[in-house]
Every structure is written in C-alpha cells, then in structure tokens.
Amino acid sequence: MDPIVRRTRTPNAGMATQQLSPQLLNGCFHEADRADIVGFNLQGLRNALPDSFHPHLNGIIEEIYNTSRLLRDLAEQAQIHISQLPAVFDYLNVVLPCLCKTLRDIMAFYEDKSMNKEHRWRTMYHKMGNELPGTTLPARFIMYNQFLRLLQDLLTRSPNFDLNAMESLRIRILQLREARKIPPPNPIRTDLIRRDEALEFWSQETNSHWAEAIFTQPLPSRREFKSQGRSDAYGPLQKLGHLPPLSRDVKILVKRSFDSDRISVIFFLQLRNQAPSLLIRSKVYSQNWVSVLGVHELSIKRESDSVLHLSRWSRSEQRVRPWANLSFLTWEEMVLFYCTFLCLRVRSQLTININPQEFHLRKERRLFQAQIHDDGYQHVLMVFEDAITGGCRLHAAVWEGKLRACPVWTAFIPPNVSSSWLVRKTKRRIWLREIQPYVFCEQYRPTHQRKGRSGSFFELSFAHSEAASRFQELFASSPGASAASAAQDSAENDEVSTPTS
C-alpha cells in the first residue's frame, strides 16, 4: 500500500509542514486517482451486464466517485489549513490503508479473466460484502465517505464536527481492517482535537460570506462555448505540501475545477485582515503543484472565447508574467468567476489600484446603461451581450465613490423570453419575471426588490423615466404599462436619495 504514510510515532504539531504535509496530501491524491480508475472500470462492467444489475452498480460507482472528490477536497483544504494536519493525521492513517485495499480488491476481481463478467460482479459483491457482517460493498463506501466528510469538518475546525460519530465510524473501520488482516494503526491523539478552539474560530463568522453562495445557485441557462481553450498554471509553483504555512484564521470561500480536475482554484479569506487570496493546484503527470497569491497581486482579463487569464507582476523581471489560464465550459460560469474575482479584488484593503479595463469583460457588448435606485442604493444598471455565445445579462455596479464600478449583482436573461417577461408598472418602474440575481455584496438584499404575491417579479427602479423607456424598447416583445397599474402606483415617489453601497 504505497501511498500510505508509515511512521513509528505521531509527530508533534511543529513537524507537520516538513514531514506530514507532502506525504499525506499526495497519498490522498493517489487514492483519488485510483478511485477514478476503479469507477471508470466499473462503468464498463455495468455497460456489459443486463439492466437488472445496474442499480447496485450505479450506487457503488456513485459513491466511489464521491470518495475521489472528497479525497481531493480534503487534500486541497489541508494545504490551506495546514496547521490542523497533526489532528487529521491519525484519522487518515485509519481510513487510507483500508480504502486502498478495497479499491485494489475490486480491481483484482474486475481483472480476473477466469470468470465471465457477470460471475466477476457477483463474486466481488458477495465476497467483499461478507468480510464484515452488516457492511455491504455500497455501505462500505458510504462509511468511508462519511468518515472523510467528518475529517473535513475536523480540518476546517467546523462547529459541526461530531467526535462521537467519528469515533463510531473509526471503530467500524478498525473492525473491517482486522477482518481483512490489515495491521492496526497507531492510537489516536485526542489532545490535538480542541473543540473550544473550533467554537472560538467559528464565532468570528456568524454570517456566511457572499462568495460562498455564488456557485451554489443553479444556472438559469447554460450557453456552452463551441471551442475550448486549455487551462494552465504558470506559478511560481511549489510541490504540494511545501508551501509556507498560512495563518490559522482562514476561511475557504469557493473552489472551482477545470479540465476534469487537472487544475483547481480555491478562493480563501484570511479573517485577520479580510484579505482574499487564491490557491491554484495543477497536476502534471502524477505530481501536484501549487501556488498561492493574494487577489490584490493578480490581474484578470478574458484571453480568448472561453479562457480567463490571470497575471502577476514579477518584481525580479520587472514585467507582467502569466499566473494561470482558466478555460470555462459555459459563458455563465466565466461571468460569475470574473465578477467574483473582480469584486474581491476591488474590496480588498490590500489592493492599491486597478486598471479600468478590468471592469469590462472582453468580447461583451454594452447595449444599455442607466442609473437605478436599488435596495436603497444608487447603482448603474447595464445590459451586456456576449459576442461569442449571444447570451445577455443584467449587471449592476456601484454608481459612485471609492467602489465605483464594483459589481453588485448580475442576472442572466433567459433565452427566448415571453411577452410577459417585462411589465412596465410606472414611468420609472419595471418588473421582470424569472430573474435570479447573483449578488457580490454583503449589504445588498435582492429580496427587497422582489414584487408580486409570490415574489416572482424583480423590480428595476430607474432614476429617469426616459431610461425606463429605453430599457423597455431594448426588449421589444415586452408589453407596455397598463392604465390600472400606472394609476395604482402614481402616488409612489420614485425619487430616493440614497448612499452608495
């Protein structure tokens, strides 16, 4: 079991970076790669068997791919929460050898040419399911994945970490190890688990960060790029686990993967100074490489149809150098990443200046611009059309002040909108149906703009009636305001004196 860390005693916390980090993190990635191979081969086996076998195989395949994803997430998060590695080490040494043998045994059954494919599957399922009473093969991977999720909670010092659940799963895995004649691991050092420390850490962030929600909302549309670029990381790169330790008070905001997880990017926040940073991981052959830079040290632009280019200033060379190319499958995901990065950079206290060109996503054409009153703030509303995919979106930004042009929210306009999509309520107020804003600001509350009995409309309140008319004309299929709705709202005062967000 080559990827498993072997040792004679548990290192102390001061040895974590030098001795534990590279071995542990690469061990996680090694087993994640193995799980992907096993999942792929089981898919081939499933396709060769009658439909009656598919439900059980589908369940196992899904959990194996979940195992792969959890291992990669754990390794990448450990690179940021490296000070927590000593607490995680013993638990990883419980699960990784057992998981490794399970994956190897599945491959041994799969490659046994002395049996036909149906017999291989039946033998694999029943023999491995009988190794520990009450733990079928699908249940085994569910157990592994529950254990890995709890390890993530331990690593990130989550208040949701359940030590009792972890201990129950650990005992079950140890029983499975014993049944499979895997030597027992070293005892767990419980003194490294400090729940009071976790509660103190999480008390600092009673509210979630806006960036955490950006990629959790379902996309209203998916306009895919016809041609795909290549994602690359240029660094300077270091081997996984060799980065200098970061401060303990960090919070992971967003993770995005590219090129089938060959490249991944994590946005994280250092809570001490609220400074956002990016970690990029790149897999080159079997080796993983990483780089970390503050968002304020990077610039962003659209390099080609589907690629965002991140660059840095090299002090030694006194010129701009590439840091990463990120290729996106859809225009919507590219826009959300671009706006997230830009907003974090603009609002970072460490940012000195920004090139005005960065506020505009290349290959988008501005069709409309006007001032709006939006949740008590003055914003500029723009409509952009993408020259590559033809997609359109609304984009609201700060109207004036220090944060001028900083994104506040964006919303993708559904393709082929119906005539009921836009309703002119008054001279300055327009309601839009099926609009889901993605918000890049803590203070802004889109619910305040929701109208109608079920909140199905989103209100745009223009500073000038002429702008509302131009917006309506842009979408010619929209109906005009009815006399009844205009009379109902005629007494409302649309002139609002508001601060900037």
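Residues numbered from 1 in each chain as written. Predicted model: local features only at pLDDT ≥ 70, side-chain atom pairs only at ≥ 80, totals over all residues. Heavy atoms only, no water.

**Details of the overall build of the chain**
Looking only at helices and strands, one finds 11 helices and 18 strands in the chain. Out of the 501 residues in the chain, the part that is buried amounts to 54%. Intrachain contacts of the chain at a sequence separation of at least 6 include 66% that bridge at least 24 residues. Of the roughly 23,000 Å² that the chain leaves accessible, carbon and sulfur atoms contribute 49%. (Helix = DSSP H or I, 4+ residues; strand = E, 2+ residues; numbered from the N terminus. Buried < 20%, exposed > 50% of the residue type's maximum accessible area, 1.4 Å probe, protein only. Contact = heavy atoms within 4.5 Å. Areas by Shrake-Rupley, 256 points an atom, 1.4 Å probe, with all protein chains shown as cover.)

**Comments concerning the pattern of salt bridges**
Under the defined criterion, the tally for this structure stands at 30 salt bridges. One salt bridge connects Arg72 with Asp33, and the closest N-O pair in it is separated by 2.5 Å. Within this pair, whereas Arg72 is found in helix α2 (residues 54-80), its partner Asp33 is found in helix α1 (residues 16-48), the two being separated by 39 residues in sequence. Since its relative accessible area comes to 9%, Arg72 is described here as buried. Glu466 is paired through a salt bridge with Arg470; the nearest N and O atoms lie 2.5 Å apart. With a gap of 4 residues between them, Glu466 and Arg470 both fall in helix α10 (residues 465-474), about one helical turn apart. Glu466 sits in the partly exposed class, given a relative accessible area of 47%. (Salt bridge = Lys/Arg side-chain N within 4 Å of Asp/Glu carboxyl O.)

**So, the sheet that holds strand β4 (residues 263-270)**
Here we have 5 strands laid out as an open sheet, ordered β2-β6-β5-β4-β3, and antiparallel in their pairing. Pairing within the sheet leaves two strands with one partner each, and these edge strands are β2 (238-239) and β3 (250-258). Sitting on the sheet, α2 is in contact with β3, β4, β5 (275-284) and β6 (287-294), with an inclination near 135° to β3. Sitting on the sheet, helix α9 (residues 331-347) touches β3, β4 and β5, and the angle it makes with β4 is about 30°. (Pairing = 2+ DSSP bridges. Axes fitted to C-alpha atoms, helices over the stretch in contact; angles between N-to-C directions.)

**Structural notes on the nonpolar core**
Ranked by internal contacts, the top residues of the largest apolar core, which has 73 residues, are Leu326, Phe337, Trp409, Phe462 and Phe471. With 12 residues, the single largest contributor to this core is α9. Setting aside residues no more than four positions away along its own chain, Phe462 makes contact with Phe368, Ala370, Gln371, Ile372, His373, Leu381, Arg428, Ile430, Ala467, Ala468 and Phe471. If you look at the next biggest cluster of nonpolar residues, it comprises 65 residues, including Leu49, Ile82, Leu92 and Phe161. (Core = buried A, V, L, I, M, F, W, Y, C linked by side-chain atoms within 4.5 Å.)

**As for the pairing of strand β18 (residues 457-462)**
On a regular strand, each side chain points to the face opposite its neighbour's, so the side chains alternate between the two faces of the sheet. Counting buried residues in β18 gives 6 out of 6 residues, a clear majority hidden from the surface. Burial of β18 is two-sided: the residues Phe457, Glu459 and Ser461 facing one way and the residues Phe458, Leu460 and Phe462 facing the other way are all buried. As paired strands, strand β10 (residues 364-374) and β18 are joined by 2 bridges and run antiparallel to one another. Within β18, the position partnered with Ile372 by the bridge is Phe462. Across 2 bridges, the pairing between strand β17 (residues 450-451) and β18 is antiparallel. If you follow Lys451 over to β18, its bridge partner there is Phe457. Between β17 and the antiparallel strand that follows it, β18, lie 5 residues; Gly452 among them carries a positive phi value of about 90°.

**Concerning the packing of α2 against helix α3 (residues 85-110)**
Between α2 and α3, the least distance of the axes is 13 Å, while the angle of their chain directions is 150°. The pairing of α2 with α3 is recorded here as roughly antiparallel in orientation. You can see that α2 and α3 cross each other, and the crossing is left-handed. Between α2 and α3, the contacting residues are Ile64, Thr67, Leu71, Leu74 and Ala78 on the first element and Leu85, Leu92, Leu96, Leu99 and Ile106 on the second. (Parallel < 35°, antiparallel > 145°, perpendicular 65-115°, else oblique. Left-handed = near helix turned anticlockwise from the far one by under 90°.)

**Let's talk about the sheet that holds strand β9 (residues 319-327)**
The strands making up a sheet are joined through hydrogen bonds of the backbone, oriented either antiparallel or parallel. Across the sheet, which stays open at both edges, the 4 strands sit in the order β1-β9-β8-β7 with antiparallel pairing between neighbours. In the strand order of this sheet, the two ends are held by β1 (232-233) and β7 (298-302), each with one partner. With respect to the sheet, α9 is in contact with β7, β8 (307-314) and β9, its orientation differing from that of β7 by roughly 150°.

**Notes on α2**
The end-to-end C-alpha distance of α2 is 39 Å, a good match for the 39 Å that 27 residues give at a rise of 1.5 Å each. Burial runs high along α2: 20 of the 27 residues are buried. (Expected span 1.5 Å × (residues − 1).)

**So, the packing of helix α5 (residues 137-155) against helix α6 (residues 163-179)**
As a packed pair, α5 and α6 sit with axes 10 Å apart at the nearest point and diverge in direction by 140°. Judged by the inter-axis angle, α5 sits oblique to α6. Both α5 and α6 take part in a crossing whose hand is left-handed. Between α5, through Arg140, Met143, Tyr144, Gln146, Phe147, Leu150 and Leu151, and α6, the contact on the second element is made entirely by Ala165, Met166, Leu169, Arg170, Arg172, Ile173 and Leu176.

**Structural notes on the confidence of the model for the chain**
In the predicted model, the chain carries a mean pLDDT of 84, and the fraction of residues at 70 or more is 86%. Overall, residues 1-18 carries pLDDT values under 50, and its contacts beyond four positions in sequence, including any with other chains, amount to 42 contacts. (pLDDT = per-residue confidence, 0-100.)

**Considering the packing of aromatic side chains**
Tallied over the entire structure, the rule returns 17 aromatic pairs. Look at Trp121 and Tyr125: their rings are 5.3 Å apart centre to centre, the planes differ by 55°, and that puts the pair in the tilted class. One end of the pair, Trp121, and the other, Tyr125, are both in helix α4 (residues 117-129), 4 residues apart, so they sit about a helical turn from each other. One exposure class covers both Trp121 and Tyr125, and it is buried. Seen in terms of ring centroids, Trp431 and Phe457 are 5.5 Å apart; in terms of plane orientation they differ by 40°. Their pairing is tilted. Highlighted residues: Trp431 in strand β15 (residues 429-433) and Phe457 in strand β18, separated in sequence by 26 residues. With relative accessibility at 14%, the residue Trp431 sits in the buried group. One aromatic cluster in this structure is built from Phe368, Trp421, Phe462, Phe471 and Phe475. (Phe/Tyr/Trp six-rings, centres within 6.5 Å; stacked < 30°, edge-to-face > 60°.)

**A look at α4**
Under the 1.5 Å per step criterion, the end-to-end length of α4 is 18 Å for 13 residues, consistent within 8% with the ideal 18 Å. Capping the start of α4 is the job of one residue whose side-chain oxygen sits 3.3 Å from the backbone nitrogen of Glu118: Asn116. (Polar contact = N/O pair within 3.5 Å; in protein donor to acceptor, adjacent residues only side chain to side chain.)

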